[in-house]
Amino acid sequence: MTHLSCSHCPGPAVYLDRVSGEHLCEEHLCLRVEATVRRTIVAAGGFRRGERIVVAFSGGKDSSVLLHLLATVFRPENALELVAVTIDEGIAGYRDETVRAARELAARLEVPHRVVSFEEAFSRGLDDLLSGRETRACTVCGVLRRRLLQQAARELGADRLSTGHCLDDEAEAVVMNWLRGDLHRVTGARPSGGEGLLVPRLKPLAGLSEKEVVSYALLRDLAFDLPECPYTRHALRAGVRGMVHRAEFSAPGTLGRIVGGQRALEERLDGLLPDASFSTCPDCGEPVLGTICRACKLLDSPRDNH
Ligand SMILES: [Zn+2]
Ligand SMILES: [Zn+2]
C-alpha cells in the first residue's frame, strides 16, 4: 500500500475527502472540521459574548464532538455559558450506558450537565409508551425528546439550543419530508409567532459529513464504543440513510446538493406562501402548529395510528 501524503503538508494522510479529492493529515482534518463549524456558526449570526447555550447531548459521537468543540474552541473565545442536557428516554439496555458516558465527558469538559427523563416528565419511559407501536419509535421518541429539550432550554434561560445534526442528518431529513409528502416541511414554511415561545436552534455541525464527524471523534478521543438504539432498525430513517449514503458514495457531493437544493427552494418560496402561525396547545400550553399538539396526542392516545 502506498503512503499518501496530505494535500497541504508532507504529513501522512489519514482521510480522503471524496468531494474535493483532497487527502488530509490528522492536523489538517481537524483544522478543516473546526473551520467548517466556525463558518456554519458565523452564517447563523455568530455568538454573542456571554451567550447561554444549552447543548442537546445524547452522549453519542455527534453530540460529543459538538460539546467538545463548543467547550474547547468557542467557549473560551466568546465566554459562552454552556449547559449540556441529556434526555433519558427509558430504553432498556441502551440508555444507561450512554448516560454514563455523557456524564463522564461533560465532567471532563467542565460543562454543567442535566439529565431529564421521560419517566419524570411523562411518568413512563419510551419502552412503555411504545408498546404496540414500535415501528413508530423514532417519531414518538423524536416528538417527545424535542419537547423536553425545548422545555429544558427555556427553563435554563438558554439563548439558543444547540444540536449535533450533521450534513447527513440534514440531507436525510429533506428526503424524509418528500417521502412522507410533508408539504409543509418540503416548502420550508417558517411559522410566525414562535418568537419568545421556542428557543432558537443552532446546528453547528450541519456543514460536516458524518464521516468527518466520526473521524474527528476518533482523533480527539471522543468515540466511545456504545450500544446502538434498539429501535433504529424499525425506522423509515434507516432505509433513507442507506439510500442517501449509496447516492453519496456513487456521486460524492450528493449530500451537500440535497441540502443546498432544499435551501435554494426555500429561498425561492420565501414570502410566496401563506403564513402558518403558532397557537397554544390547550392541554400543555406549548406552542403548536394548527390545533393538534403532537406530544399531547401521542401521550393521550397510545394506539393512535396517525
Ligand atoms: Zn496536513
Ligand atoms: Zn400539548
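The structure this text deals with has already been given above.
Residues numbered from 1 in each chain as written. Chains lettered and ligands numbered in written order. Predicted model: local features only at pLDDT ≥ 70, side-chain atom pairs only at ≥ 80, totals over all residues. Heavy atoms only, no water.

Comments concerning helix α10 (residues 236-250)
- With 15 residues, α10 extends 22 Å between its outermost C-alpha atoms, agreeing within 8% with the 21 Å of an ideal straight helix rising 1.5 Å per residue.
- Among all positions of α10, only V240, V244 and E248 are buried. Along the long axis of α10, the arc covered by the buried residues comes to 70°, so they all point the same way. Across α10 from its buried face, at more than 90 degrees, point the exposed residues R246, F249 and S250. (Helix = DSSP H or I, 4+ residues; strand = E, 2+ residues; numbered from the N terminus. Expected span 1.5 Å × (residues − 1). Buried < 20%, exposed > 50% of the residue type's maximum accessible area, 1.4 Å probe, protein only. Arc of directions from axis to C-beta.)

Considering the coordination of the zinc ion (ligand 1)
- Looking at the metal site, the zinc ion (ligand 1) is ligated by C6 (SG), C9 (SG), C25 (SG) and H28 (ND1), spaced 2.0 to 2.4 Å from it.
- Geometry at the zinc ion (ligand 1) is tetrahedral, judged from its four donor atoms and the angles of 103 to 114° they form at the metal. (Donors = N, O, S within 2.8 Å, 3.2 Å for Na, K, Ca; no water. Tetrahedral: all angles 85-135°; square planar, octahedral: opposite > 155°, others 65-115°.)

Overview of the coordination of the zinc ion (ligand 2)
- The protein atoms that coordinate the zinc ion (ligand 2) are C281 (SG), C284 (SG), C293 (SG) and C296 (SG), at distances spanning 2.2 to 2.5 Å.
- The site at the zinc ion (ligand 2) holds four donor atoms, and with the angles between them running 106 to 115°, its shape is tetrahedral.
- We note that the donor set of the zinc ion (ligand 2) lies within a single chain, spaced as C-x2-C-x8-C-x2-C. Remark: C293 occurs in the loop between β9 (287-289) and α12 (294-300) and C281 occurs in the loop between β8 (278-280) and β9; sequence separation between them is twelve residues. An identical accessibility class is assigned to C281 and C293; each is buried.

Some thoughts on the sheet that holds strand β4 (residues 81-88)
- Pairing is parallel in the open sheet, where five strands are placed in the order β5-β4-β3-β6-β7. Whereas interior strands pair on both sides, the edge strands pair on one side only; in this sheet they are β5 (113-117) and β7 (201-202).
- Inspection of the sheet shows strand β3 (residues 52-56) paired to β4 by five bridges, in the parallel sense. Each residue of the ladder has a partner; that of R52, found in β4, is E81. (Pairing = 2+ DSSP bridges.)

Remarks on the pattern of salt bridges
- Under the counting rule described, the total for this entry stands at 16 salt bridges.
- Between E34 and R220 there is a salt bridge, with the nearest N and O atoms lying 3.1 Å from each other. Remark: R220 occurs in the loop between α9 (210-219) and α10 and E34 occurs in helix α1 (residues 26-43); sequence separation between them is 186 residues.
- For E34, a relative accessible area of 19% puts it in the buried group.
- Where salt bridges share partners, they join E170, K203, R263 and E266 into one cluster. (Salt bridge = Lys/Arg side-chain N within 4 Å of Asp/Glu carboxyl O.)

Brief notes about the packing of aromatic side chains
- Scanning all chains against the criterion turns up two aromatic pairs.
- A centroid spacing of 6.0 Å and a plane angle of 55° characterise the contact between F47 and F74, whose relative ring orientation is tilted. In this pair, F47 sits in the loop between α1 and β3 while F74 sits in helix α2 (residues 61-78), placing the two residues 27 residues apart along the sequence.
- Ring centres of F118 and F122 lie 5.3 Å apart, and the angle between their planes is 75°; this geometry places the pair in the edge-to-face category. Of this pair, F118 and F122 are both found in helix α4 (residues 118-122), four residues apart, which corresponds to roughly one turn of the helix. You'll find F118 and F122 in the same group, each marked buried.
- Note that R18 overlies the ring of F249, its terminal NZ or CZ placed 4.5 Å from the centroid.
- Above the ring of Y15, the side-chain terminus of K211 is found at 4.7 Å from the ring centroid. (Phe/Tyr/Trp six-rings, centres within 6.5 Å; stacked < 30°, edge-to-face > 60°. Lys NZ or Arg CZ within 6 Å of the ring centre and 35° of its normal.)

Section: the pairing of β4
- Within β4, seven of the eight residues are buried, which leaves it mostly tucked inside the rest of the structure.
- With respect to chirality, the unit in which β3 leads through α2 into the neighbouring parallel β4 is right-handed.
- In this sheet, β5 lies alongside β4 in parallel orientation, the contact comprising five bridges. Residue pairing in the sheet places I87 in a bridge with V116 of β5.
- Assessed by its sense of winding, the connection that carries the chain from β4 through helix α3 (residues 95-108) to β5 is right-handed. (Right-handed = clockwise from strand over helix to strand, strands pointing away.)

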